[in-house]
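Analysis of the macromolecular model
In case you want the letters, here they are:
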Amino acid sequence: MKKPLVAALFALAVTAAGAAPAIAAPARSAPAPTLKAVDFAGTVALSNCSGSVVRFPASQDTDPALVMSNGHCLETGFPAPGEVIVDQPSSRSFTLLNSSGRGVGTLRASKVAYSTMTDTDVTIYQLTRTYAQIKSTYGINALTVQDTHPVAGTAIKVVSGYWKRTYSCNIDGFVYRLKEGDWTWKDSVRYTSTCNTIGGTSGSPVIDTATGKVVAVNNTGNEDGQRCTENNPCEVDQSGNVTVRQGINYAEETYQIPACFGIGNKLDLSRSGCVLPKP
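One structure accompanies this document, and this report is about it. These numbers were taken from a predicted model, which means no experiment stands behind them. Every chain begins its residue count from 1, and numbering advances along the sequence as written. Only residues with pLDDT of 70 or above have their local features reported here, since the model is predicted, and side-chain atom pairs are shown and tallied only from 80 upward, although totals for entire chains, interfaces and linings are computed over all residues. As a rule here, side-chain values cover all heavy atoms of the structure and leave hydrogens and water aside.

1. Remarks on unusual backbone geometry
A positive phi angle, near 70 degrees, is found at D119, a position not held by glycine. Numbering of helices and strands runs from the N terminus, with a helix taken as a DSSP run of H or I at least four residues long and a strand as a DSSP run of E at least two residues long. Mapped onto the elements, D119 comes out in the loop between β6 (103–116) and β7 (122–130).

Now the structure itself:
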């Protein structure tokens, strides 16, 4: 897990990904695809992690807003393997950032809507304000969570509200099982090497630079080359073969989350298509 401040001050780095060239049309050169501007607007800083204000494709402006971070960023400690937390009261505060990374206000949770470190590594907080209220007060929109599986090769940015830094790379591929200590995550995202994320970037949104949508939540990396220990996750394939990739970092997919939230952004783990672990 990318726990805050663990060796972080010794590893700050930002690498920009190159833009794709324009594609020639028969009669004239077509413009390069328009990329969404990815900045800090809508990201948040937690006391120990990063996160973002998120909405789902069916969310309404009048719905209570949500903040997404990691399960291991939960203020009450790491959820145990197999543990799923729902509707737990919380008054946690978040510093909301604008596009330049400046803190413009404080948001507050009303509850932990969902948190687990089983199969995935995510915490979703429900806030005391709606999306419309946040927009009216701060002029900032929530980030939209993509509801389809991400694609290998996609150009991405990991945007850390804690450090006010971005990391640029591509999705290198997907990991059948990612094991770290007592926890196992399914179908994780593996970054190419230039997303050298550090402690404190846990919970950062992973944003597709072509769409501006959130495709994953940043959560861990192999720091020391150890095998399957805390802060040293290992990859396990369908045959049980283990691969260790020192210096490579990972995220957990988020496309499966929208199906578990219904009208009014209310969590409903019994909804059709919801595959998140249940309590």
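2. Let's talk about the state of the cysteines
Note on disulfides: each one is a pair of cysteine sulfur atoms within 2.5 Å. Going through the model one piece at a time under the given rule, you end up with four disulfides. Here C228 engages in a disulfide with C234; their sulfurs sit 1.9 Å apart. As the torsion about the S-S bond is roughly 100 degrees, the C228-C234 disulfide counts as right-handed. Only protein chains enter the area calculation, which uses a 1.4 Å probe; residues under 20% of their type maximum are buried, those over 50% are exposed, and those in between are partly exposed. Relative accessible area serves as the criterion here: at 0%, C234 is assigned to the buried category. Two residues, C260 and C274, share a disulfide whose sulfurs are 2.0 Å apart. One disulfide, between C260 and C274, carries an S-S torsion of 100 degrees and so falls in the right-handed class. With C260 in the segment after β16 (249–253) and C274 in the segment after β16, the pair connects residues that are 14 residues apart, well separated along the chain. For the pair shown, C260 and C274 are each scored as buried. In the protein, numbering the disulfide-bonded cysteines from first to last in sequence yields the connectivity 1-2, 3-4, 5-6, 7-8.

3. With respect to the side chain of E235
Relative to the assigned elements, E235 resides in strand β14 (residues 234–236). Whenever a nitrogen or oxygen atom comes within 3.5 Å of another N or O atom, the pair is scored as a polar contact, on the condition that within protein one atom can donate a hydrogen and the other can accept it, and that pairs from neighbouring residues in sequence are kept only if both atoms are in side chains. A distance of 2.8 Å separates a polar atom in the side chain of E235 from a polar atom in the side chain of Y250. Here a residue-residue contact requires only that any non-hydrogen atoms of the pair lie within 4.5 Å. Those residues in contact with E235 that lie beyond four places of it in its chain are V175, R177, L178, R190, N241, V242, T243, R245 and Y250.

4. Looking at the environment of T76
With respect to the element layout, T76 can be found in the loop between β3 (64–69) and β4 (84–89). As a C-alpha pair, T76 and S90 span 14 residues in sequence and 9.8 Å in three-dimensional space.

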